[in-house]
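Fold and contact review
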Amino acid sequence: MMVDSFKQYALSCVDSWDRFWFTPRNIDTLAVLRIITGAMLLYSHLVLATDFSSFVGTEAWIDNETSARLHDGTLGERTAAWSYLWLVDNPTVLWLNHLATILVTACFMVGFLTRLTGPLAWFLQLMLVHRLLGSLFGLDQIVTYCVMYLAFAPCGAIWSIDAKLRRRFTNDGEKTLTGWKAWLFPADKKTVAVNVATRLLQVHLCVIYLFGGLAKARGELWWDGTAVWFAIANYEYQSFDLTFLGRFPTVFTALSHLTMFWEIFYCALIWPRLTRGITLTVAVAVHGGIALFLGMMTFGIMMIGANGIFVSPDWIRRKRLGEFAEDEDDDASLSGVMTSMGNDATPDSTSAKLSADLKHRMEELEAAEKGIQKRYAKLKRREAKNKERTERLMATREKIKQKLADGSLSAGDSVLRNDDLDES
């Protein structure tokens, strides 16, 4: 009996693990993130171009040789990083490379040939990141992470030039694309690749927050509640003078503690649907505050966009299409496995769970029925309108036949009205 229970539990864990990673998912969330990430990446490349020679080239603050030695173990800890920019000294070649990087990034942002421009944008960004050691910022890191995961997903399936090109190809007589066209211009459908890319970025974000929170916990400022005060009192980062809030130390203490504990427990609170909304709300507040009050606008926006990876693509699809879409988001599956390790399932709890699930499904079916009724009413109105237009065209046709039969149709007659011509 105990062995059978253990086998069932192990199988349920494996099943939950498979559903967590390999359940096909819609592309909507990644498509939004592609636009945000591409815009931020393009912005950073354009800003770099305003003082390009100071960052890249023989006259840069950190030249090619020094940058290479910072990675190969000569001047620090050895890393696996490599960049072909270490080998280029010609200013013209460097500028051409950067212009190509800007062009590729712009194409990725608007969704043009994303199957090619995505991996290429990530590779070019990685070469710059390895070259610009010593002058990187949090924005560069999070953008690089996001581009890496987006590069290997069909994120150009919607809201892109690729989607328009696909529609044009299918309208030209090809009902379904095959071969290289099907790969280059991906369809808007659920795929495992989308889910894997989503899960990897979600887990990566949890790791970032966990170690960020633990790093804060190692210091004293976040424990004594003065960290937020020192942040807004630093004139180097100030967008607005908020030093008058120093009269309310309790506020700064609460904000410091809330931020630290939110980062540490983000990896646990973001998965259950019950706490996900609160966790994302705090994320918007924290990074929105950084953007507005600490002068880090781009970093704050990018982090809010990255947190959007936990927004269900089915929710975005319903907003986009105005239709009912089944929510197959299994974000709680992994947390369910973790929770079940300490709880024994009983018949009563199973029955209650099934009842709740059936009730949830009934609500979804009712919502679906309402959506279908609305679409049916719209189709009936459109059918009546088309019938009216057809009758008008038939009447006009009879008029023409009558005049042709009578021989009374002349060049000056205007039998057809403009709206009839437009409708025909």
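An account of the accompanying structure is given in this report. Residue numbers restart at each chain and count upward from 1, following the sequence in its written direction. Reporting in this predicted model follows two pLDDT cut-offs: at least 70 for local features of residues, and 80 or more for side-chain atom pairs to be given and counted; totals over whole chains, interfaces and linings ignore these cut-offs and use all residues. Derived side-chain values reflect all non-hydrogen atoms in the structure, with water molecules and hydrogen atoms excluded from consideration.

1. Description of the nonpolar core
Membership of the largest hydrophobic core comes to 56 residues, with the highest contact counts inside it found for L30, I142, V143, L205, Y266, M302 and F310. Strands here mean DSSP runs of E at least two residues long; helices mean DSSP runs of H or I at least four residues long; both are numbered from the N terminus. Broken down by element, this core gets its largest block of residues, seven residues, from helix α7 (residues 138–150). Contacts are assigned to residue pairs that have any heavy atoms within 4.5 Å of one another. Residues within four places of L205 in sequence aside, it is in contact with I142, Y266, M303, A306, N307, I309 and F310. To qualify as a nonpolar core, a set must consist of buried Ala, Val, Leu, Ile, Met, Phe, Trp, Tyr and Cys residues joined through side-chain atoms within 4.5 Å. Exposure categories follow from relative accessible area, calculated using a 1.4 Å probe and restricted to protein chains: below 20% of the type maximum is buried, above 50% is exposed, and the middle band is partly exposed. Ranked by size, the runner-up nonpolar core spans eight residues in total, among them V56, V88, L94 and L128.

2. Here's the deal with the packing of aromatic side chains
Pairing of aromatic rings covers Phe, Tyr and the six-membered ring of Trp, with a centre-to-centre limit of 6.5 Å; geometry is then stacked below 30 degrees between planes, edge-to-face above 60, and tilted otherwise. With the rule as written, the count across this model stands at 18 aromatic pairs. Measuring from ring centre to ring centre gives 6.0 Å for W122 and F152, while their planes differ by 70°; the resulting arrangement is edge-to-face. Of this pair, W122 sits in helix α6 (residues 114–131) while F152 sits in the loop between α7 and α8 (161–171), placing them 30 residues apart in sequence. Judged by its relative accessible area of 51%, F152 is exposed. Counting every residue linked through ring pairs, the aromatic cluster contains W17, F20, W21, Y209, W262, Y266, W271 and F310. Taking the ring centre of F169 as reference, the NZ or CZ of K181 above it sits at 4.5 Å. The lysine or arginine in question, R320, covers the ring of W159, its NZ or CZ lying 5.3 Å from the ring centre. Note on geometry: a ring has a charge over it if NZ (lysine) or CZ (arginine) is within 6 Å of the ring centre and within 35 degrees of the ring normal.

3. Some thoughts on the packing of helix α10 (residues 192–217) against helix α13 (residues 249–269)
The interhelical angle for the contact between α10 and α13, taken along N-to-C directions, is 140°, at an axis separation of 7 Å. Classified by chirality, the crossing of α13 by α10 is left-handed. Note on element contacts: α13 touches α10 through M260, W262, E263, I264, Y266 and C267, opposite L205, C206, Y209, L210, G212, G213, L214, K216 and A217. Residue polarity is assigned by list, with Asp, Glu, Lys and Arg as charged and Ala, Val, Leu, Ile, Met, Phe, Trp, Tyr, Cys and Pro as nonpolar; anything else, Gly included, falls into the polar class. When its residues are assigned to classes, the contact of α10 with α13 shows eleven nonpolar, two polar and two charged. Note on geometry: axes are lines fitted to C-alpha atoms, helical ones only across the stretch in contact, with angles between N-to-C directions running from 0 to 180 degrees. Helix crossings get a hand from a simple test, with the near helix turned counterclockwise from the far one by less than a right angle marking a left-handed crossing and a clockwise turn marking a right-handed one.

4. Details of a nonpolar patch on the surface
Only residues whose relative accessible area exceeds 30% and that form no salt bridge enter a patch; like-charged residues are grouped when within 9 Å of one another, and nonpolar side chains (Val, Leu, Ile, Met, Phe, Trp, Tyr) when within 5 Å. A 1.4 Å probe and the Shrake-Rupley method give the accessible areas. Residues count as covered only by the protein chains that appear here. Any carboxyl oxygen of Asp or Glu within 4 Å of a side-chain nitrogen of Lys or Arg constitutes a salt bridge here. Taken together, the side chains of F240, L292, F293, M297 and I301 make up a nonpolar region of the molecular surface, amounting to roughly 440 Å² of accessible area. Elements with a contribution of two residues or more to the nonpolar patch: α14 (273–293) and α15 (297–307). Within the fold, L292 resides in helix α14. When its relative accessible area of 45% is taken as the criterion, L292 is described as partly exposed.

5. Focus on the environment of T170
Relative to the elements of secondary structure, T170 occurs in helix α8. For T170, a relative accessible area of 25% gives the class partly exposed. A 3.5 Å cut-off defines polar contacts: any pair of N or O atoms within that distance qualifies, except that in protein one atom must be a possible hydrogen donor and the other a possible acceptor, and neighbouring residues in sequence count only when both atoms are side-chain atoms. Among the polar contacts made by the side chain of T170, one reaches the main-chain carbonyl oxygen of R167 at a distance of 2.8 Å.

6. With respect to the packing of helix α5 (residues 91–110) against α6
Contact geometry of α5 with α6 gives a least axis separation of 9 Å together with a crossing angle of 135°. In this view, α5 runs oblique relative to α6, as classed from their interaxial angle. The handedness of the crossing between α5 and α6 is left-handed. Contacts from N97, H98, T101, V104, C107 and F108 of α5 reach α6 at T114, T117, G118, L120, A121, L124 and L128. Note on angle classes: values under 35 degrees are labelled roughly parallel, values over 145 roughly antiparallel, values of 65 to 115 roughly perpendicular, and the remainder oblique.

7. Overview of α10
Taking 1.5 Å per residue, 26 residues should reach 38 Å; α10 reaches 37 Å between its end C-alpha atoms and fits that length. The N-capping residue of α10, defined by a side-chain oxygen 3.3 Å from the backbone nitrogen of V194, is T191. Residue count minus one, scaled by 1.5 Å, sets the expected span of a helix.

8. A few points about the side chain of H130
Considering the arrangement of structural elements, one finds H130 in helix α6. The class for H130 is buried, based on a relative accessible area of 15%. Polar contacts involving the side chain of H130 include one to the main-chain carbonyl oxygen of W82, which spans 2.8 Å. Apart from the residues within four sequence positions on either side, H130 is in contact with S67, H71, A81, W82, S83 and W86.

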